[in-house]
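The chain contents come next:
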Amino acid sequence: MITVHHLNNSRSQRVLWMLEELELPYEIKRYERLPTMMAPPELKQVHPLGKSPVIEDEGRVIAESGAIVEYLVDKAGGRLGAPEDVEGALRYRHFLHYAEGSLMPPLLLKLVLSKVPIMDRLAMKRIQPMIDVHLDYVESALKQRQWFAGDDMTAADIMMSFPLEAARARGGLDRSRPKTIAWLTKIQSRPAYKRALQKGGPYDYA
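All chains use their own residue numbering, which begins from 1 and follows the written sequence. The predicted nature of this model means local features are confined to residues of pLDDT at least 70 and side-chain atom pairs, given and counted, to a pLDDT of 80 or more, with totals for whole chains, interfaces and linings taken over all residues. Side-chain numbers come from the whole structure's heavy atoms, not from hydrogens or water.

Undergrad: Tell me about the nonpolar core, residues and numbers included.
TA: Counting residues in hydrophobic clusters, the biggest one holds 57 residues, and the most contacted among them are M18, I55, L72, M160, L164 and W183. Helix numbers and strand numbers start at the N terminus; a helix is a DSSP run of H or I with at least 4 residues, a strand a run of E with at least 2. Going through the elements one at a time, strand 1 (2-7), helix 1 (12-22), helix 2 (65-75), helix 3 (86-114), helix 4 (120-144), helix 5 (155-170), helix 6 (178-188) and helix 7 (191-200) are the ones with two or more residues in this core. Here I55 is in contact with I2, T3, V4, V15, R60, V61, I62, I68, Y71 and L72, once residues within four sequence places are set aside. Among buried residues, those of type Ala, Val, Leu, Ile, Met, Phe, Trp, Tyr and Cys that are joined through side-chain atoms within 4.5 Å constitute a nonpolar core. The buried label goes to any residue with under 20% of its type's maximum accessible area, the exposed label to any with over 50%, and the partly exposed label to all in between, with areas taken from a 1.4 Å probe on protein chains only. Core analysis: the second largest hydrophobic core is formed by six residues, L7, Y31, V46 and V54 among them. Two residues form a contact once any of their heavy atoms are found within 4.5 Å.

Here you go:
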């Protein structure tokens, strides 16, 4: 059985969601953030980076959200994987990696700087425009299709969930970008998403 090393209020929530969508059996080992918001040292006993998400399956320890998601797609025989058409497959691969490679870094930078009082104004002035470029890009993509890769939900949508939930909480995403808000409402209404929330515990971004 898959073991998910799950940190509260973290990217590991989307791993739980994906497992619920795929109906793969799993168990959760929970970890709580320290007062500093860092992960507890116990996670380093699972993987040297001491981060979450991490999963264990059949003797393997797999870290990094994208790698975990791709592993689960393969384990489920391709379910939630790339569309069959070339363009859809390219969009799938793009958004699967765009979520963490491009969209998440400025959101994380804003979060870190906003916690330093003297830097909060700088975060708004310098970083928010960077985030807005990404939010406009996401909105334009969702104007063209209902899911990021095409007509059906894929693992790319699951990867995009955390940065867009974070953007709605702290990154300036609001109803001025209605397609993105509608997409968030749609994913959070899915039964599998709700089951993952119940099992994962408190999650400030839902």
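Now that the structure has been shown, we can carry on.
Undergrad: Could you give an account of the pairing of strand 3 (residues 54-57), naming the residues involved and the relevant values?
TA: For strand 1 and strand 3, the ladder comprises three bridges, and the chain directions are antiparallel. The residue of strand 3 that forms the bridge with T3 is E56. A pair of strands is labelled paired if DSSP reports no fewer than 2 bridges between them. In this structure, strand 3 lies alongside strand 4 (residues 60-63), joined through four bridges in antiparallel fashion. Looking at strand 4, one finds that D57 is bridged to R60. Turn length for the strand 3-strand 4 hairpin, with the two strands adjacent in sequence and antiparallel, is two residues, and the turn residue E58 shows positive phi of about 50°.

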